[in-house]
Amino acid sequence: MRNQVLLIGAITLCLGACTGAKASSVAKTDSTAQSASASTAAAPVAPNVITVHAKDFSFATPTQIPAGLTTINMINDGPGLHHVEMIRLDSGKTITDLEKAFALPASPPAWAVFTGGPNAVDPGKTSSATIDLLPGNYVMICLVDFPGGVPHFAKGMLMPVTVTAATAGPPAAAPTPDETITLTNYAFALSAPLTAGPHVFEVKNTADQPHEVAMIKLAPGKTAEQFLAFMAKPAGPPPASAVGGITPFTGGPTYFTADITPGNYALICFVPDAKDGKPHFMHGMTKTITVM
Ligand SMILES: [Cu+2]
């Protein structure tokens, strides 16, 4: 139980601008606690933490990450909306192969494994997600195509990242969620009504294709439909702010944190459908939630 408290502490710390120094001091505290009780089994440790800066149109990121559960804190340096998607390249495929595949109208090939990451937040904010990284070659990519319809990876937001063998020691324990979101074709199901306050969300995708959670806080009186209309054709002030979530992935679980305040939220999936290429929100994959 005490370790769970420590883990939640680490995640709460990282909701703000989490630095590598903070992360390593958390890890140190944890390993000191372990050696103090050497007679007990190795205690689980917090996930590895990395910090990524995103801006128009590049990422500043560590290019080598040890395998295992990893909390990615993405700081959006703006001025646009950005997110982090980690795509694992299997079958010896390269970043050039991925760029070629994305240039075709077809769905992404099976060797491009979508593993998620922190979803879009407004400029100046931090989005935090925890995902499990296997050793291999990954591409960190921004699929956001707002404004103008050209995906940001085509403007430079793609970076090769090598996930190396896990570091020695006990494996990291998963964050302790207080809410589970289950993704299906084409719906979001919440395990409990959403309440105000900081939350750790667990997200499971039980479908046969990638889905995402784009979490949006609607401006007073605005609807998810008005937000989607704005995304298609921006005019006037944005009717919502982006507050994070998890980028497209299969399987899971993945985790993200968000501080929820009273008002209306929308969960939206923008992933193009595997069968007809239409974004999943056009298949009904939006959910509006009122938080008292
Ligand atoms: Cu971007």
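Right, let's walk through the structure included here.

Calculation criteria
Residues numbered from 1 in each chain as written. Predicted model: local features only at pLDDT ≥ 70, side-chain atom pairs only at ≥ 80, totals over all residues. Heavy atoms only, no water. Helix = DSSP H or I, 4+ residues; strand = E, 2+ residues; numbered from the N terminus. Buried < 20%, exposed > 50% of the residue type's maximum accessible area, 1.4 Å probe, protein only. Contact = heavy atoms within 4.5 Å. Areas by Shrake-Rupley, 256 points an atom, 1.4 Å probe, with all protein chains shown as cover. Pairing = 2+ DSSP bridges. Axes fitted to C-alpha atoms, helices over the stretch in contact; angles between N-to-C directions. Polar contact = N/O pair within 3.5 Å; in protein donor to acceptor, adjacent residues only side chain to side chain. Phe/Tyr/Trp six-rings, centres within 6.5 Å; stacked < 30°, edge-to-face > 60°. Arc of directions from axis to C-beta.

### Details of the overall build of the protein chain
- When helices and strands are counted, the protein chain shows 4 helices and 17 strands.
- For the protein chain, buried positions account for 43% of its 292 residues.
- When contacts within the protein chain are restricted to residue pairs at least 6 apart in sequence, those whose partners lie at least 24 apart make up 69%.
- Accessible surface, the protein chain: about 13200 Å² in total, of which carbon and sulfur atoms supply 61%.

### Quick word on the sheet that holds strand 13 (residues 211-218)
- Strand order in the open sheet formed by 4 strands is 14-13-16-17, and the pairing between neighbours is antiparallel. Every interior strand has two partners, whereas the edge strands, strand 14 (240-249) and strand 17 (286-291), have only one. Neighbour to neighbour, the strand axes of the sheet diverge by 15° on average, direction disregarded.
- Where strand 16 (residues 263-268) lies against strand 17, 6 bridges are found, and the strand directions are antiparallel. Across the sheet, Ala266 pairs through a bridge with Thr288, a residue of strand 17.

### Concerning the sheet that holds strand 10 (residues 179-184)
- Read across the sheet, 8 strands follow the order 2-1-4-7-15-12-10-11 without closing on themselves; strand pairing throughout is mixed. Two strands in the sheet have a free side with no partner beyond their single neighbour: strand 2 (58-60) and strand 11 (187-190). For this sheet, the mean inter-axis angle between neighbouring strands, taken without regard to orientation, is 25°.
- Where strand 10 meets strand 11, 4 bridges bridge the pair, whose relative direction is antiparallel. Considered in strand 11, the bridge of Ile181 is made with Leu190.

### Observations regarding the side chain of Asn73
- Take Asn73: it is sitting in strand 4 (residues 68-76).
- A distance of 2.8 Å separates a polar atom in the side chain of Asn73 from a polar atom in the side chain of Ser128.

### Things to note about the environment of Gly251
- Mapped onto the elements, Gly251 comes out in strand 15 (residues 251-260).
- Those residues in contact with Gly251, other than ones at most four positions away along the chain, are Lys204 and Asn205.

### Side note on unusual backbone geometry
- Look at the link from Asp56 to Phe57: it is a cis peptide, with omega at -5°.
- Relative to the helices and strands, Phe57 resides in the loop between strand 1 (48-55) and strand 2.
- Here Gly78 and Pro79 are connected by a cis peptide whose omega angle stands at 0°.
- Summarising the element assignment, Pro79 is placed in the loop between strand 4 and strand 5 (85-89).

### Things to note about the side chain of His82
- Tracing the sequence through the fold places His82 in the loop between strand 4 and strand 5.
- Side-chain polar atoms of His82 contact the side chain of Asp56, separated by 2.5 Å.
- In this structure the side chain of His82 is engaged in a polar contact, spanning 3.0 Å, whose partner is the side chain of His152.

### Some thoughts on the packing of aromatic side chains
- Tallied over the entire structure, the rule returns 4 aromatic pairs.
- Ring geometry for Phe146 against Phe230: centres 5.8 Å apart, planes inclined by 35°, an arrangement best described as tilted. Highlighted residues: Phe146 in the loop between strand 8 (136-141) and strand 9 (158-164) and Phe230 in helix 4 (residues 224-232), separated in sequence by 84 residues.
- Overall, the relative accessible area of 14% leaves Phe146 in the buried class.
- Residue class for Phe230 comes out buried when judged on its relative accessible area of 12%.
- Relative to Phe256, the ring of Phe201 lies with its centre 4.6 Å away and its plane at 15°, an arrangement referred to as stacked.

### A closer look at helix 4
- Restricting attention to buried positions, one finds in helix 4 the residues Ala224, Phe227, Leu228 and Phe230. For helix 4, the angular spread of buried residues about the axis comes to 155°, placing them on one side. Those residues of helix 4 that are exposed and angled more than 90 degrees off the buried face are Glu225 and Ala232.
- The secondary structure elements touched by the buried residues of helix 4 are strand 13, strand 14, strand 16 and strand 17.

### Observations regarding the pairing of strand 16
- Where strand 13 meets strand 16, 4 bridges bridge the pair, whose relative direction is antiparallel. Its bridge partner being in strand 16, Ala214 is matched across the sheet by Ile268.

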